[in-house]
Amino acid sequence: MILRDRIGFDAGEHRLEDAIGWAAEQKIHFVDFNADRGPNHIKTWTPDRVAGIRRICNDNAIRLGVHTLSSVNVAEFSPYVDRGVDEYLKANLDLAASLECGWAIVHAGYHFGTALDDRIEAAIRRLERLATGIGDAGVRLLLENLNLEPERSEVHYLAHNVLELGHFFDAIPAERLGWAFTVNHANLVPEGISGFLNAFGIERIGEVRLADNTGEYEIHLPLGSGHIDFRCLIQRLEQAGYCQHYSMAFGSPAEKLIARDLLVSFDSYNRFQS
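Our subject in this report is the structure included herewith.

**So, the pattern of salt bridges**
And step 1. The tally for this structure, following the rule as stated, stands at 17 salt bridges.
And step 2. Put simply, Asp10, Asp32, Glu144, Glu207 and Arg209 are held in one network by salt bridges that share partners.

**Considerations on the sheet that holds strand E3 (residues 63–67)**
Across a sheet, strands are paired by hydrogen bonds formed along the backbone, either parallel or antiparallel in direction.
And step 1. Ordered by their spatial adjacency, eight strands build a closed barrel running E1-E2-E3-E4-E6-E8-E9-E10, and the pairing between neighbours is parallel. When the angles between neighbouring strand axes are averaged without regard to direction, this sheet yields 25°.
And step 2. Sheet strands in contact with helix H4 (residues 116–134) are strand E4 (103–106) and strand E6 (140–144), and its direction is about 155° off that of E6.

**A word on unusual backbone geometry**
And step 1. Phi is positive for Ala61, close to 55°, though the residue is something other than glycine.
And step 2. In this structure, Ala61 sits in the loop between helix H2 (47–60) and E3.
And step 3. Take Ala61: its relative accessible area is 48%, and that puts it in the partly exposed class.
And step 4. The phi dihedral of Ala115 is positive, around 55°, even though this residue is not glycine.
And step 5. The residue Ala115 is located in the loop between strand E5 (110–111) and H4 in this model.
And step 6. Note on Ala115: relative accessible area 34%, which makes it partly exposed.

**Focus: the environment of Ile53**
And step 1. By the element assignment, Ile53 lies in helix H2.
And step 2. Sequence separation of Ile53 and Ile134 is 81 residues, and the distance between their C-alpha atoms is 21 Å.
And step 3. Residues within four places of Ile53 in sequence aside, it is in contact with Leu16, Glu17, Ile20, Trp45, Leu64 and Leu99.

**Description of the side chain of Asn34**
And step 1. Mapped onto the elements of the fold, Asn34 is located in the loop between strand E2 (30–33) and H2.
And step 2. A residue is classified by how much of its surface remains accessible, and Asn34, at 5% relative accessible area, is buried.
And step 3. Beyond its immediate chain neighbours, meaning those up to four positions away, Asn34 contacts Gly12, Glu13, Asn40, His67, Thr68 and Leu69.

**Here we look at the pairing of strand E1 (residues 7–10)**
And step 1. The alternating pattern of E1 places Ile7 and Phe9 on one face and Gly8 and Asp10 on the opposite face, and all of these are buried.
And step 2. The sheet contact formed by E1 and strand E10 (residues 245–248) spans three bridges and is parallel. From the neighbouring strand, Gly8 faces E10, where its bridge partner is Ser247.
And step 3. One ladder, built from two bridges, connects E1 with E2; its direction is parallel. Paired with Asp10 across the strands is Asp32, a residue of E2.
And step 4. In terms of handedness, the path from E1 via helix H1 (residues 16–25) over to E2 forms a crossover that is right-handed.

**A closer look at helix H9 (residues 253–266)**
And step 1. The first and last C-alpha atoms of H9 sit 20 Å apart over 14 residues, in line with the 20 Å expected at 1.5 Å per residue.
And step 2. Among all positions of H9, only Lys256, Ala259, Arg260, Leu263 and Phe266 are buried. For H9, the arc enclosing every buried residue in end-on projection is 120°, short of the 170-degree limit, so these residues lie on one face.

**Structural notes on the packing of aromatic side chains**
And step 1. In total, this model carries twelve aromatic pairs according to the counting rule given.
And step 2. Judged by centre distance (6.0 Å) and plane angle (50°), the ring pair of Phe33 and Trp45 falls under tilted. Of the two residues, Phe33 is situated in strand E2 and Trp45 in the loop between E2 and H2; the sequence distance between them amounts to twelve residues.
And step 3. When its relative accessible area of 0% is taken as the criterion, Phe33 is described as buried.
And step 4. Geometrically, the ring pair formed by Phe169 and Phe200 is edge-to-face, given 5.2 Å between the ring centres and 85° between the ring planes.

How each quantity is defined
Residues numbered from 1 in each chain as written. Predicted model: local features only at pLDDT ≥ 70, side-chain atom pairs only at ≥ 80, totals over all residues. Heavy atoms only, no water. Salt bridge = Lys/Arg side-chain N within 4 Å of Asp/Glu carboxyl O. Pairing = 2+ DSSP bridges. Helix = DSSP H or I, 4+ residues; strand = E, 2+ residues; numbered from the N terminus. Axes fitted to C-alpha atoms, helices over the stretch in contact; angles between N-to-C directions. Contact = heavy atoms within 4.5 Å. Buried < 20%, exposed > 50% of the residue type's maximum accessible area, 1.4 Å probe, protein only. Right-handed = clockwise from strand over helix to strand, strands pointing away. Expected span 1.5 Å × (residues − 1). Arc of directions from axis to C-beta. Phe/Tyr/Trp six-rings, centres within 6.5 Å; stacked < 30°, edge-to-face > 60°.

Put into structure tokens, the structure is as follows:
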């Protein structure tokens, strides 16, 4: 697929039928969504609704992915609560399978400044179980690198930098756990976007998530509103052979369409090759 056809968006909690209807109109082929509340709440998925979504997606060559919430602590180890986290993740994977989703985005959880090793171990074991349980469902599990929290914050996300993300990638093989590379999160840590790509390459990436920021704190700005060099990023990824999709996680529909055109204009390598 050419770059333009590989640029999708994250619909968040917006009604999925509306999101994929707009995607079909704009010839967008990749859509992420969340099923925690609102019109996509996980309990709203009747067989008829699932069949309708699958039909629209098949007719318009649209691939879906479920994006779980980072506020659910995958690093949870407290009795009873840990079982609820397992059930939450399994329910999302079951929904993804029923909708014939291509991927599901998960997170490494968070900690409170203590028991860090135990939190990491709990998260790794949980994701290992989840990856094993997918079986032949055809859903690829993608771990997102999350954002850096302020130094004095009580809560800190795991897998926000190269070191912590490496713990998970070292423990779980690439064929069982891929990567949702969020460039605006990578821009918040000293190693930066290039540091992540230098450490892990592109082979593990199943989705590149796009938004801009100024490198100061977590915010999802439209492309060009911060200081991330998206021209350099796109050219590096495409020249390295990245062939999976991108997901725009910012702004209004109009801002997404403007950004898609901008991203395509950066792909001088492929235009020269063609």
